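Here is what each chain is made of, one letter per residue.
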Amino acid sequence: MTCPRCGELNPREAESCTRCGAIFKPEAALKAQDEYIELRKAIEELRRDIMELRRIVENRSRYEACLDEPEVQQSIKIPRERSWL
Ligand SMILES: [Zn+2]
């Protein structure tokens, strides 16, 4: 079958074009649609994971910035000095 999109000559039984992926048969279209839905779900999960990781990194940065504050440094030192007594 000659692909109507790109002109590639494909085997007669081909469900889709080996060159551009154009779909020739309805079953292949349904399969592609299912794959598309699965990919959309996977992308959405990855998006949520990225947002969660960003939140963790931001919280950690805030936490580390907080440790540099003189008042925090002071409060960290006091318990250590007391523990030596
Ligand atoms: Zn093609």
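Residues numbered from 1 in each chain as written. Predicted model: local features only at pLDDT ≥ 70, side-chain atom pairs only at ≥ 80, totals over all residues.

A.B. asks: Just to check I follow, could you spell out the overall build of the protein chain for this structure?
C.D. replies: Check the secondary structure of the protein chain and you find two helices and zero strands. In summary, the protein chain has a C-alpha radius of gyration of 29 Å against a globular reference of 12 Å for 85 residues, an excess of more than 25%. The dimensions of the protein chain, computed from C-alpha atoms along their principal axes, are 85 × 20 × 20 Å. Residues counted as buried form 1% of the 85 residues belonging to the protein chain. (Helix = DSSP H or I, 4+ residues; strand = E, 2+ residues; numbered from the N terminus. Rg over C-alpha atoms; globule rule 2.2 N^0.38 Å. Buried ≥ 20, exposed ≤ 12 C-beta atoms within 10 Å, placed from the backbone.)

A.B. asks: Mind showing me how you'd approach the environment of Ala-32 here?
C.D. replies: Checked against the element boundaries, Ala-32 lands in helix α1 (residues 26-67). Classification of Ala-32 as partly exposed rests on a count of 14 C-beta atoms within 10 Å. Residues Ala-32 and Ile-56, spaced 24 residues apart in sequence, show a C-alpha to C-alpha distance of 36 Å.

A.B. asks: Where do I start with α1 in this structure?
C.D. replies: An α-helical turn contains 3.6 residues, so any two residues separated by three or four positions project in the same direction. With 42 residues, α1 extends 61 Å from end C-alpha to end C-alpha; this agrees with the ideal 62 Å at 1.5 Å per step. Within α1, only zero of the 42 residues are buried, which leaves it mostly out in the open. (Expected span 1.5 Å × (residues − 1).)

A.B. asks: Would you mind going over the environment of Ser-16 with me for this structure?
C.D. replies: In this fold, Ser-16 is placed in the segment before α1. Judged by local crowding, Ser-16 falls into the partly exposed class, with 17 C-beta atoms found within 10 Å. Taking the C-alpha atoms as reference, Ser-16 lies 9.7 Å from Met-1; in sequence the two are 15 residues apart. Leaving out residues up to four positions away in the same chain, Ser-16 has contacts with Gly-21, Ala-22, Ile-23, Phe-24 and Ala-28. (Contact = placed C-beta atoms within 7 Å.)

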